[in-house]
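# A closer look at the structure
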Amino acid sequence: MKGKLVSVEGLDGAGKTLLVEGLAEKIRQRGIPVTVIREPGGSEVSERIRGVLLDPQNEAMASTTEALLYLAARAQLVAEVIQPALEAGKFLLCDRFTDSTLAYQGGGRGLDRDMLAALNLMAADGVVPDRTILLDIDPQLGRQRRLAGRGEVMEDRLESESMAFYQRVRESYLEIARQEPRRVYLVDAEKSPAAVLARAWEIVEGVLDSGKG
Ligand code: Z5A
């Protein structure tokens, strides 16, 4: 049987990393092996592309270059890790996936959404998440959490974008959720970590149960 993929999306500081760790632990407690990946990254080539994307020195990077690099990192991750894992019937949890490109490069940078959707299909080799958990948070709170969590103020290339940019990204995510209510589940990320995990676990359990014969 083919495996399953659940992606976790949202603004920086929404709590994706913490949530993915919590969900992975709960899935393993059920005796189900889970592969955890993050984007951009998750394979040697994709991690190198991540370094270029997030380097604050690459200020001159054009929006189209940025989009194509995210897509290139995704294409490599899908070919090397995601497709083989799905073929082997594994369960995958992905910290960001195709919706990040639509929200950040589409909503945030203003690139054409239809073109990005077509490129996403190519990069993801047609893989669409079984469910997407969208952690919704006010951008200001997300930024506060991120900086407090790290205990320092150095930001990467994208993190130094304006609040208006992050508002557009948030709106774009919410638009995706409105357009695809069967796949994308909105979760209030301003609640406590325990409340967020409990709600997200209900969503993941739905996917685990749907795989039972
Ligand atoms: N990007 C893109 O533009 N296009 C694409 O196609 C893709 C990505 C795939 C990746 O950065 C950047 O690439 C990202 C989007 C862009 N950039 N921006 N800007 P990254 O991988 O370095 O970072 P991130 O994905 O944005 O993650 P993050 O900043 O680490 O945030 P997070 O994973 O959502 O949050 P966290 O690390 O789990 O939590 C942050 C802190 O808040 C931490 O101290 C937690 O303990 C705390 N926390 C978490 N949840 C809660 C709750 N519920 N209450 C209170 N405190 C909490």
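Quick look at the structure, then. (Residues numbered from 1 in each chain as written. Predicted model: local features only at pLDDT ≥ 70, side-chain atom pairs only at ≥ 80, totals over all residues. Heavy atoms only, no water.)

Once that is clear, we can look at the overall build of the chain. Within the chain, the secondary structure is distributed over 8 helices and 5 strands. Secondary structure elements of the chain occur, N-terminal to C-terminal, as β-α-β-α-α-β-α-α-β-α-α-β-α. Taken over C-alpha atoms, the radius of gyration comes to 16 Å for the chain, in line with the 17 Å a tight globule of 213 residues would show. Judged by the C-alpha coordinates and their principal axes, the chain covers about 50 × 35 × 30 Å. When the 213 residues of the chain are sorted by exposure, 48% land in the buried category. (Helix = DSSP H or I, 4+ residues; strand = E, 2+ residues; numbered from the N terminus. Rg over C-alpha atoms; globule rule 2.2 N^0.38 Å. Buried < 20%, exposed > 50% of the residue type's maximum accessible area, 1.4 Å probe, protein only.)

With that settled, consider the site of the ligand. In the vicinity of the ligand, 28 residues are found, and the nearest of them are Asp12, Lys16, Thr17, Thr101 and Tyr166. The side chain of Asp12 places a nitrogen or oxygen atom 2.3 Å from a nitrogen atom of the ligand. Contact between the ligand and Arg50: an oxygen atom at 2.9 Å from a side-chain N or O atom of the residue. Alone, the ligand offers 1100 Å² of accessible surface; in the complex the protein occludes 83% of this. (Near = heavy atom within 4 Å. Polar contact = N/O pair within 3.5 Å; in protein donor to acceptor, adjacent residues only side chain to side chain. Areas by Shrake-Rupley, 256 points an atom, 1.4 Å probe, with all protein chains shown as cover.)

Attention now moves to the sheet that holds strand β3 (residues 91–95). Taken together, the 5 strands give an open sheet; going across it, the order is β2-β3-β1-β4-β5, and neighbouring strands pair in parallel fashion. The open sheet has two edge strands with one neighbour each: β2 (34–38) and β5 (184–188). Between one strand axis and the next, the sheet turns through 20 degrees on average, direction left out of account. As defined by bridge partners, strand β1 (residues 4–10) adjoins strand β4 (residues 131–136) across 5 bridges and the pair is classed as parallel. Within β4, the position partnered with Ser7 by the bridge is Thr132. (Pairing = 2+ DSSP bridges. Axes fitted to C-alpha atoms, helices over the stretch in contact; angles between N-to-C directions.)

Now for the packing of aromatic side chains. Applying the stated rule across the entire model yields 4 aromatic pairs. On the numbers, 6.3 Å between centres and 55 degrees between planes, the contact of Tyr104 with Phe165 is tilted. Placement of the pair is Tyr104 in helix α4 (residues 98–108) and Phe165 in helix α7 (residues 163–179), with a sequence separation of 61 residues. Each member of the pair, Tyr104 as well as Phe165, carries the same accessibility label: buried. Members of the aromatic cluster, each reached through a chain of ring pairs, are Tyr104, Phe165, Tyr166 and Tyr173. Seen from the ring of Phe97, Arg74 lies directly overhead, with NZ or CZ sitting 5.7 Å from the centre. (Phe/Tyr/Trp six-rings, centres within 6.5 Å; stacked < 30°, edge-to-face > 60°. Lys NZ or Arg CZ within 6 Å of the ring centre and 35° of its normal.)

Looking now at the packing of helix α6 (residues 139–150) against α7. With their axes 9 Å apart at the nearest point, α6 and α7 run at an angle of 110 degrees to one another. As judged from the angle between their axes, α6 and α7 are roughly perpendicular. Judged by residue contacts, Pro139, Gln140 and Arg143 of α6 engage Met163, Tyr166, Gln167 and Arg170 from α7. (Parallel < 35°, antiparallel > 145°, perpendicular 65-115°, else oblique. Contact = heavy atoms within 4.5 Å.)

Glancing now at helix α1 (residues 16–29). Between the first and last C-alpha of α1 there are 20 Å, a value that for 14 residues agrees with the 20 Å anticipated at 1.5 Å per step. Listing the buried residues of α1 in full gives Lys16, Leu19, Val20, Gly22, Leu23, Ala24 and Ile27. Tucked inside the fold, the buried residues of α1 contact β1, β2, β3, β4 and α8 (193–210). Downstream of α1 by a residue or two, Gly31 has a phi angle that is positive, lying close to 85 degrees. (Expected span 1.5 Å × (residues − 1).)

Turning to its location among the elements, Asp95 is positioned in strand β3. No salt bridge is formed by the buried Asp95, whose closest oppositely charged neighbour, Lys16, lies at an N-O distance of 4.9 Å. Within the local environment of Asp95, its side chain forms a polar contact with the side chain of Thr17, the two groups lying 3.4 Å apart. Those residues within four positions of Asp95 in sequence are excluded, and the remaining contacts are Val8, Lys16, Thr17, Val20, Ile37, Arg38 and Glu39. (Lys, Arg positive; Asp, Glu negative; His and termini not counted. Salt bridge = Lys/Arg side-chain N within 4 Å of Asp/Glu carboxyl O.)

Applying the stated criterion to the full structure yields 16 salt bridges. The partner of Arg48 in a salt bridge is Glu44, with the nearest N and O atoms 3.2 Å apart. Residue Arg48 and its partner Glu44 are located together in helix α2 (residues 44–54), separated by 4 residues, close to a single helical turn. Comparing Arg48 with Glu44, the two get one shared label, exposed. In this structure, Arg183 engages Asp99 in a salt bridge whose closest nitrogen and oxygen atoms are separated by 2.8 Å. A residue pair is termed long-range when its members are at least 10 positions apart, and Arg183 in the loop between α7 and β5 and Asp99 in helix α4 qualify at 84 residues. Pair check on accessibility: Arg183 and Asp99 agree, each one buried. Sharing partners across several salt bridges, the network here consists of Asp12, Arg96 and Arg146.

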